[in-house]
Amino acid sequence: IMSNSTGARIKWVSNHIPKSGDTQLANMSLEEMRKAGSFHKSFPQYAVTPLTRLFGLADYLGLNRLYVKDESCRFGLNAFKVLGGSYAIARYIAKETGRDVSDVDYAFLTSEQLRETFGQATFFTATDGNHGRGVAWAANKLGQKCVVRMPKGSTQTRLQNIAKENATVTIEDMNYDDCVRLAAKEAEAAERGIIIQDTAWDGYEEIPTWIMQGYATMADEAAEQMEERPTHVFLQAGVGSMAGAVAGYFVNRYPEHPPKFVVMEAEAADCHYQSAIAGDGKMRMVGGDLSTIMAGLACGEPNPISWDILRSHATAFVSCPDWVSARGMRMLAAPVKGDPAVTAG
């Protein structure tokens, strides 16, 4: 346990949860993940994001090597989330048009042919910011419609960034998990409405799986940018989709010697940590306002698809007070002498 001057503590627990049957790991196979990478590379805006090596901070911490995958320049949206939302939209349109996703690239999705044969659908989602912005950006670029619902406490800046992508967006008087339920209900009632959500529930597993596969483009880039296999991978978790996707990718890439995975959460929404404390394999939910400066992690219900992977392959789960994130941001932005600055949320 670590604490700062206010007494707020970092809490962690080793993973002693009974392993699952690994029913989801095959969905994160390298073959599946690289289909997503090929799709993303078809966008004119695509570029590999930096894997920044921090020599000075590694030396300060007594580590051999330390890297940060800097997603602040991903498609100009400052976040990795667009990788999942865009790929899920592509997979949905591929399925609706009877095509393999390998044949559904940016050129096809923006073609007059698709407009004539498929027309427009409306993609609904709930978000704390980055996921909704990514879905809205992809829908806008691909000539589709988008409706975004945000939980109370969301900033006007985040709302405006989503609105710039021609999306219908509102801030609702409810927490994130209730916003998810609202968006799903609206999608079901709308003509040609589809919910694009990075969490899953009974009867809604396909699209969240596609979103997770989309996140693996980031992991595949990082693996190719490194000189050797990483020993430890630190992954932030809201619902856990990114954490499960990246862990699944590295387990499949290095099946004999996978890295150790440490899952980090905001203390106000530490549902994975609470599930690990319980230790019986069942997911635990965290309710209330989920108030934290780590807005993108303010999710109180784990994604059961990613949980199936994390409960079997995570080494530890960590619950972080807000000062941890604030200090980390400052350390990256004002780094040890000689290290490049990384400006990230």
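Residues numbered from 1 in each chain as written. Predicted model: local features only at pLDDT ≥ 70, side-chain atom pairs only at ≥ 80, totals over all residues. Heavy atoms only, no water.

A word on the overall build of the chain. Broken down by element type, the chain carries 13 helices and 11 strands. Its C-alpha atoms give the chain a radius of gyration of 19 Å, within 12% of the compact-globule value 20 Å for 345 residues. Each principal axis of the C-alpha atoms in the chain carries an extent, and together these give about 60 × 45 × 40 Å. Within the span of the chain, comprising 345 residues, buried residues form 54% of the whole. Pairs at least 24 apart in sequence give 70% of the contacts found in the chain among residues at least 6 apart. Just so you have it, the chain exposes about 15,300 Å², and 49% of that area is on carbon and sulfur atoms. Positive and negative charge centroids in the chain, built from 34 and 40 side chains respectively, lie 4 Å apart. (Helix = DSSP H or I, 4+ residues; strand = E, 2+ residues; numbered from the N terminus. Rg over C-alpha atoms; globule rule 2.2 N^0.38 Å. Buried < 20%, exposed > 50% of the residue type's maximum accessible area, 1.4 Å probe, protein only. Contact = heavy atoms within 4.5 Å. Areas by Shrake-Rupley, 256 points an atom, 1.4 Å probe, with all protein chains shown as cover. Lys, Arg positive; Asp, Glu negative; His and termini not counted. Charge placed at Lys NZ, Arg CZ, Asp CG, Glu CD.)

On to the environment of Thr168, then. Residue placement: Thr168 occurs in strand β7 (residues 168-171). In sequence terms Thr168 and Phe124 are 44 residues apart; their C-alpha atoms lie 9.4 Å from each other. Those residues within four positions of Thr168 in sequence are excluded, and the remaining contacts are Cys146, Val147, Val148 and Arg149.

Time to look at the side chain of Ser319. Here Ser319 lies in strand β11 (residues 314-320). Within the local environment of Ser319, its side chain forms a polar contact with the side chain of Asp270, the two groups lying 2.8 Å apart. (Polar contact = N/O pair within 3.5 Å; in protein donor to acceptor, adjacent residues only side chain to side chain.)

On to helix α13 (residues 322-333). Helix length check: α13 (12 residues) gives 17 Å between terminal C-alpha atoms against 16 Å at 1.5 Å per residue, within 8%. Buried within α13 we find Trp323, Ser325 and Ala326. Looking straight down α13, one finds its buried side chains confined to an arc of 165 degrees; they lie on one side. (Expected span 1.5 Å × (residues − 1). Arc of directions from axis to C-beta.)

The subject of this paragraph is the packing of helix α3 (residues 82-96) against helix α6 (residues 130-141). Where α3 contacts α6, the two axes come as close as 8 Å, and the packing angle between them is 45 degrees. Taken as axis vectors, α3 and α6 run oblique relative to one another. Crossing hand, α3 versus α6: right-handed. Of the residues in α6, those touching α3 at Val82, Gly85, Ser86 and Ile89 are Gly134, Val135, Trp137, Ala138 and Ala139. Of the residues assigned to the contact of α3 with α6, the class counts are six nonpolar, three polar and no charged. (Axes fitted to C-alpha atoms, helices over the stretch in contact; angles between N-to-C directions. Parallel < 35°, antiparallel > 145°, perpendicular 65-115°, else oblique. Left-handed = near helix turned anticlockwise from the far one by under 90°. Nonpolar A, V, L, I, M, F, W, Y, C, P; charged D, E, K, R; others polar.)

Let's shift gears to the pattern of salt bridges. Tallying each qualifying case throughout the model produces 18 salt bridges. Measuring nitrogen to oxygen at the nearest pair gives 3.6 Å for the salt bridge that ties Glu267 to Lys11. With Glu267 in the loop between β10 (260-266) and α11 (271-278) and Lys11 in strand β2 (residues 9-14), this residue pair connects regions lying 256 residues apart in the sequence. The partner of Glu71 in a salt bridge is Arg74, and the shortest N-O contact between them spans 2.8 Å. Here the salt bridges do not stand alone but share partners, grouping Arg34, Asp220, Glu224 and Arg253 into one network. (Salt bridge = Lys/Arg side-chain N within 4 Å of Asp/Glu carboxyl O.)

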